[in-house]
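Working through the structure, step by step
Listed here are the chains, written in short residue letters.
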Amino acid sequence: MAYEFTVGGRIAKPVHEVFEAVVDPKQLSHYFTTGGAKGRLEKGATVTWDFHDFPGAFPVHVVDLVKDKQIVLRWDAPPDGDPAGNYETTVTMTFEGLEDGRTLVRIHEAGWRENEAGQKASYGNCEGWTGMLAAMRVWLEHGIHFREGFYK
């Protein structure tokens, strides 16, 4: 069994608005991809997410997308000296409209190798996705660039 994790949070905006904040590269670049996002998330697409606070631009493969419900992505696991070489993990984001008008977002990432490098990388990405949810909430609810300067 490979390492995996799930993080989640509630955002005081309708589900469509929250979903669009992830699939629209312009919006994603405001609160998450500090170096910018290129390409709208659509099933079968490969887009690029760039983070100035982490070196390099990352290709992100959109495996599946159900409007306002779910996004499934595959991307390279950080190498971090993994003796077994490079591999990909799978990220599944779900969006659930709540009765009070908020949206529950859950992010699950799976496929980390069961070794020290895989464990370390999974912890780093768990931190990153938790930060993404917090930054998205602050951006959508208050228009504040929460992530800017947070990691570097």
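Above this text sits the structure in question.
Here's what I pulled together on the structure shown here. Keep in mind that this is a model prediction, so the values were computed, not measured. (Residues numbered from 1 in each chain as written. Predicted model: local features only at pLDDT ≥ 70, side-chain atom pairs only at ≥ 80, totals over all residues. Heavy atoms only, no water.)

1. Some thoughts on the overall build of the protein
Across its full length, the protein holds 3 helices and 7 strands. Going residue by residue from the N terminus, the α and β elements of the protein occur as β-α-α-β-β-β-β-β-β-α. Radius of gyration (C-alpha) of the protein: 15 Å, near the 15 Å computed for a compact globule of 152 residues. Viewed in the frame of its principal axes, the protein has a C-alpha envelope of about 45 × 30 × 25 Å. Counting the 152 residues in the protein, one finds 39% classified as buried. Considering only contacts in the protein between residues 6 or more positions apart, those separated by 24 or more positions represent 51%. When the accessible surface of the protein is summed, it comes to about 8,000 Å², and 53% of that surface belongs to carbon and sulfur atoms. (Helix = DSSP H or I, 4+ residues; strand = E, 2+ residues; numbered from the N terminus. Rg over C-alpha atoms; globule rule 2.2 N^0.38 Å. Buried < 20%, exposed > 50% of the residue type's maximum accessible area, 1.4 Å probe, protein only. Contact = heavy atoms within 4.5 Å. Areas by Shrake-Rupley, 256 points an atom, 1.4 Å probe, with all protein chains shown as cover.)

2. Quick word on the packing of aromatic side chains
The full count for this structure, using the stated rule, is 9 aromatic pairs. Here the aromatic rings of Phe-19 and Phe-95 are separated by 5.1 Å at their centres, their planes lie at 75 degrees, and the arrangement is edge-to-face. Residue Phe-19 is located in helix H1 (residues 15-23), and its partner Phe-95 is located in strand E6 (residues 88-97); the two are separated by 76 residues in the primary sequence. Judged by relative accessible area, which is 2%, Phe-19 ranks as buried. (Phe/Tyr/Trp six-rings, centres within 6.5 Å; stacked < 30°, edge-to-face > 60°.)

3. Focus: the environment of Glu-114
On the secondary structure map, Glu-114 appears in the loop between strand E7 (103-112) and helix H3 (116-142). For Glu-114 and Val-138, which are 24 residues apart along the polypeptide, the C-alpha to C-alpha distance reads 34 Å.

4. Some points on H3
Compared with the 39 Å implied by 1.5 Å per residue over 27 residues, the 39 Å span of H3 between its first and last C-alpha is a close match. Structurally, the start of H3 carries an N-cap: the backbone nitrogen of Ala-117 is 3.2 Å from a side-chain oxygen of Asn-115. Once H3 ends, the next one or two residues include Gly-143, with phi positive near 70 degrees. (Expected span 1.5 Å × (residues − 1). Polar contact = N/O pair within 3.5 Å; in protein donor to acceptor, adjacent residues only side chain to side chain.)

5. So, the packing of H1 against H3
Two measures define how a pair of helices packs: the angle their axes make with one another and the distance between the axes. It is the contact of H1 with H3, at a shortest axis distance of 11 Å, that shows an interaxial angle of 120 degrees. With respect to each other, H1 and H3 are oriented oblique. Taken as a pair, H1 and H3 cross one another with a handedness that is right-handed. Judged by residue contacts, Glu-17, Val-18, Ala-21 and Val-22 of H1 engage Met-132, Met-136 and Leu-140 from H3. Here the residues of the contact of H1 with H3 are counted per class, giving 6 nonpolar, no polar and 1 charged. (Axes fitted to C-alpha atoms, helices over the stretch in contact; angles between N-to-C directions. Parallel < 35°, antiparallel > 145°, perpendicular 65-115°, else oblique. Left-handed = near helix turned anticlockwise from the far one by under 90°. Nonpolar A, V, L, I, M, F, W, Y, C, P; charged D, E, K, R; others polar.)

6. Here's the deal with the sheet that holds strand E5 (residues 70-76)
What the 7 strands build is an open sheet, ordered E1-E7-E6-E5-E4-E3-E2; its pairing is antiparallel. The outermost strands of the open sheet, each flanked by one partner alone, are strand E1 (3-11) and strand E2 (36-38). Here the average twist between neighbouring strands, direction ignored, is 20 degrees. In terms of strand pairing, E5 meets E6 through 7 bridges, oriented antiparallel. Looking across to E6, one finds that Arg-74 is bridged to Thr-90. Sitting on the sheet, H1 touches E1, strand E4 (57-66), E5, E6 and E7, and the angle it makes with E6 is about 155 degrees. Set on the sheet, H3 makes contact with E1, strand E3 (46-50), E5, E6 and E7; between it and E1 the angle comes to about 10 degrees. (Pairing = 2+ DSSP bridges.)

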